[in-house]
Each structure stands twice: as structure tokens, then as C-alpha cells.
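Structure assessment
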Amino acid sequence: MVVVAIVAPTSNIGSHLVQAIQNTQHGLVTISRSPQPELSAKGIPTHVATYLPDGHAALVAFLKAQKVDTIISCIWSLTGHVQSQLAVLAAAKEAGVRRFAPSEWAVPVYQTIGLYAMKLDVWQVCLSSGLEVTRFHCGIWTNVLGYGATKEPEEALSGYHGPTLGIQIDKGTATLVKDGNDEVVFSRLQDIAPLVVKSLDLPEWEHDTFIVGDRTTFKRLLDIAQQVTGRSFEVKYLSEHDINQGLQSNDILEKLISQFYKALANGELSFGQGQSLNKSFPDVGMMTVEQFVKRHF
Ligand SMILES: NC(=O)c1ccc[n+]([C@@H]2O[C@H](COP(=O)([O-])OP(=O)(O)OC[C@H]3O[C@@H](n4cnc5c(N)ncnc54)[C@H](OP(=O)(O)O)[C@@H]3O)[C@@H](O)[C@H]2O)c1
């Protein structure tokens, strides 16, 4: 049994981790920029952090008082991603915390996906921190496909509120990169969290921890979606030229999505062919994309 601190407990991924850890023998505390009365009501202590130098001593004192062993970060911020996590890492080091996982939860692509370069900045400091560190890579959350789900819509999105990618099942539209046959890893938020709980008991953390819920292609996904919904989708095929145009966009979301398409075309969204956390713990069920579409549409 260890005490785990989840940073950003109400984020998409953080809320699933909180829920999963709550149901175990492990202790749970959280760190957030604001008080979390719902968690407090359940007896889960929250430290309200500024992530600024003036909050360092209080954060160290909290980690020590709660005997925190492992910190798992779920921060996502265009402005505070690096600085906030480095503030937590510095406090963790001083408080004698053993393990730290920075906020990754996606794909290990740090150049093609420009925004993810800041994850690498955090990782470099993790590596020299002296703590045991890992990056959880889980691919695209299957829940991004859940918009407009006709069955159990709340479970389909499961709190996800970000952009979708490649296919909009409810709208009957798909965007395929080249012929759509590049592989991509998907994992469902509900399946990632129990695996992360399992990793708490591992004697050692590898630097990279892969979670592969399903490895598929957007072409296969399109076939499944058309078969399940009985609709013929409107399909747009993206050439390299189209992707390069999107990369020049001033719209941050369009640019980010184009970066994902570029990474897909480069074969960078398929990873974890060797060992993965789900292979180590086959008792944790992973929902495939086909199962997801059949369940929710
Ligand atoms: N694989 C995928 O498909 C996918 C999709 C989306 C995101 N992700 C990844 O998952 C991770 C978490 O993203 P998410 O979507 O779960 O997050 P989210 O729901 O957008 O929440 C981000 C959290 O970060 C904290 N935060 C925001 N600004 C901050 C700042 N300036 N300083 C410190 N903390 C700040 C907030 O927590 P408090 O308010 O509690 O402080 C907030 O709840 C990210 O690394 C992101 O890249 C992956």
C-alpha cells in the first residue's frame, strides 16, 4: 500500500485515476489550484497549490505530512504545463517522494506534435530528479469517438470534452490520411486508470510505460462505423499537401489536429509493439475500438 497524490484530480484522466485509486487499498490525496469540496467530502485531502515559489514550502509540508510515495500528474496547460509540474517535482524531491509520473497520457511524439515539446522539457528534469519516473503512453483516448453516442452516451465520453480526430460517427464523416491504413493506438479512459493502479505495485517503473487498448487504422474504424450505423460516410482523403497546409494554420486546434495527422502519416501513432502494461496485466479488460462503436452506436 502506498499513498498516491493525483495532480489535477478533475481533469479528464485525473478524475478516472481518482475513481480507480479510491477503490483500492492505496491512500489517495490530490493537488489542485482550487479546493475540491466533493473530494474532501469523501475524505480525500486536497492541497491547494499555487505552483509558484511562494507555495513551495507548503507543498513540501503537505507531501511529507501525507507520506506521499507516488505523484501522478494530469496537468494540461498551454501556459503552465512545464512550470507547474517542475514546481511539483521540486517539492517531491525535497519531501522524499519516491515516484513521479509527469502528465503524458497520449503519444510519445514530441517533435511532429509541436505542443508536446513541452512534455519533453518536463521529462528532461524528471530524468535528473533522482526520483523513479515513468511516462504513461496510452495513445488516443477511444472516448474521443464518443460524441453523439446513441447508447450510454455519458459512459462513451466519460467526461471527455476535448476535440475529436479522424472520424465523427454521429455526423457520418471521416477524414482519412492518405489511404487510412496507418496504424494508431487507442485506449479508453476507463481502462487506462485500473492499469495505472496495477503499476503502483510494480517493483520498478520503466522510463516508458505503454498502454495499448487497441491497435487499428482509421480505415478499419471507418468500416466498423459504417457497418454498425448502417450509414455511408462522407469521406475526405488528406494528401501530404493538405496536411502541410493545415500545419501552417493560425488556428491552434486545426494546427494540433494537422500535427496528429502528420504523426499518423509518419507511423508515429503506433507504438508499444513490445511490452505493454496491459500485456503484463491481462486481467484488466481493454475495450477495442470495434467493441466501443458497437456498444455506443
Ligand atoms: N490521449 C488523448 O487522446 C488525450 C486527450 C486529451 C489530453 N490528453 C493528455 O492528458 C493529459 C491531461 O489532459 P486532460 O485533458 O485530462 O486535462 P484537462 O481535463 O484539460 O485538465 C487539465 C488540468 O490541468 C490543471 N491545470 C490547468 N492549467 C494549469 C496551470 N496553469 N497550472 C497547473 N495546473 C493547471 C487543472 O487542474 P486544477 O484545476 O485541479 O489545478 C485542469 O483540471 C495531458 O498531458 C494531455 O496532453 C490526452
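Here the residue numbering is sequential within each chain, running from 1 through the sequence in written order. With the structure being a predicted model, the display of local features is reserved for residues of pLDDT at least 70 and the display and counting of side-chain atom pairs for 80 or more, all residues being used for whole-chain, interface and lining totals. Each side-chain value is derived from all of the structure's non-hydrogen atoms; neither hydrogens nor water enter the calculation.

Turning our attention to the sheet that holds strand β14 (residues 234-238). Backbone hydrogen bonds hold the strands of a sheet together, and the pairing may be parallel or antiparallel. Two strands pair if DSSP finds at least two bridges between them. The helix and strand labels rest on DSSP assignments: H or I over at least four residues marks a helix, E over at least two residues marks a strand, and numbering proceeds from the N terminus. In spatial order, the strands read β9-β10-β14; together these three strands make up an open sheet with mixed pairing. In this open sheet, the two edge strands, each paired with only one partner strand, are β9 (167-168) and β14. In terms of strand pairing, β9 meets strand β10 (residues 173-177) through two bridges, oriented antiparallel. Bridge pairing in β10 places I167 opposite A174.

What follows concerns the site of the ligand. A single heavy atom is enough: if one lies within 4 Å of a molecule or strand, its residue is considered near that molecule or strand. The environment of the ligand is formed by 25 residues, the closest being N12, S32, S84, K119 and G139. Contacts described as polar in this section are N or O atom pairs within 3.5 Å, which, within protein, must combine one atom able to donate a hydrogen with one able to accept it, while residues neighboring in sequence count only if both atoms come from side chains. The contact in question runs from an oxygen atom of the ligand to an N or O atom on the side chain of S32, over 2.6 Å. Computed with a 1.4 Å probe, the accessible areas rest on the Shrake-Rupley method; for each residue, only the protein chains presented here act as cover. Notes on the ligand: free accessible area 910 Å², of which the protein chains cover 85%. Those elements that provide at least two residues to the shell around the ligand are α1 (12-22) and β8 (140-141). Just so you know the grouping, Ala, Val, Leu, Ile, Met, Phe, Trp, Tyr, Cys and Pro go in nonpolar, Asp, Glu, Lys and Arg go in charged, and all remaining residues, Gly too, go in polar. When grouped by side-chain class, the residues that make up the shell around the ligand number twelve nonpolar, ten polar and three charged.

Here T216 is to be found in strand β13 (residues 214-217). Any two residues whose heavy atoms approach within 4.5 Å are treated as being in contact. Setting aside chain neighbours within four positions, we find T216 in contact with D182, E183, V184, F186 and V289.

A separate point is the packing of helix α4 (residues 81-95) against helix α5 (residues 117-127). Contact pair α4 / α5: the axes reach a minimum separation of 9 Å and the direction vectors enclose 20 degrees. It follows from the interaxial angle that α4 and α5 lie roughly parallel. When you trace α4 past α5, the crossing you get is right-handed. Along the contact surface, α4 presents H81, V82, Q85, L86 and L89, while α5 presents M118, K119, D121, V122, V125 and C126. Between N-to-C directions, angles span 0 to 180 degrees; the directions come from axes that are lines fitted to C-alpha atoms, helices contributing only their stretch in contact. To sort the angles, those under 35 degrees are grouped as roughly parallel, those over 145 as roughly antiparallel, those from 65 to 115 as roughly perpendicular, and the leftovers as oblique. Two helices that cross are described as forming a left-handed crossing if the nearer one is turned anticlockwise from the farther one by less than a right angle, and a right-handed crossing if clockwise.

The next subject is the domain arrangement of the protein chain. The extent of an interface is frequently quoted as the accessible surface area lost upon association of the parts. Boundaries between domains were set according to an automatic or database domain assignment. Domain annotation of the protein chain identifies domain 1 (3-133) and domain 2 (141-186 + 213-270 + 282-296). The C-alpha centroid of domain 2 is placed 29 Å from the C-alpha centroid of domain 1. With twelve residues of domain 1 at the contact, the number on the domain 2 side is 14 residues. Across the domain 1/domain 2 interface, buried area totals approximately 1,100 Å², and carbon plus sulfur atoms make up 65% of it. Two parts placed together each lose some accessible area; with a 1.4 Å probe, that loss summed over both constitutes the buried area. Counting the surface domain 1 buries against domain 2, the share from its top three residues, N12, T112 and I113, is 46%. Each salt bridge in this description consists of a side-chain nitrogen of Lys or Arg and a carboxyl oxygen of Asp or Glu lying within 4 Å of one another. There are zero salt bridges connecting domain 1 and domain 2.

This next bit is on the environment of Q275. With respect to the secondary-structure elements, Q275 resides in the loop between α10 (252-265) and α11 (277-280). Each residue's exposure class comes from its accessible area (1.4 Å probe, protein chains only) as a fraction of the maximum for that residue type: buried when under 20%, exposed when over 50%, partly exposed otherwise. In this structure Q275 comes out as exposed when scored by relative accessible area, which is 54%. Sequence separation between Q275 and H161 is 114 residues; the distance between their C-alpha atoms is 30 Å. When residues no more than four places from it in sequence are discounted, the contact partners of Q275 are F210 and S280.

Moving on to the UniProt feature "domain: NmrA-like" (unreviewed entry) in the protein chain. UniProt positions are given in the numbering used here, feature names are shortened, and annotations may be inferred rather than shown by experiment. According to UniProt, the feature "domain: NmrA-like" (unreviewed entry) maps to residues 4-292 in the numbering used here. Between the C-alpha atoms that bound residues 4-292 the distance is 30 Å, and the span itself is 38% helix and 18% strand.

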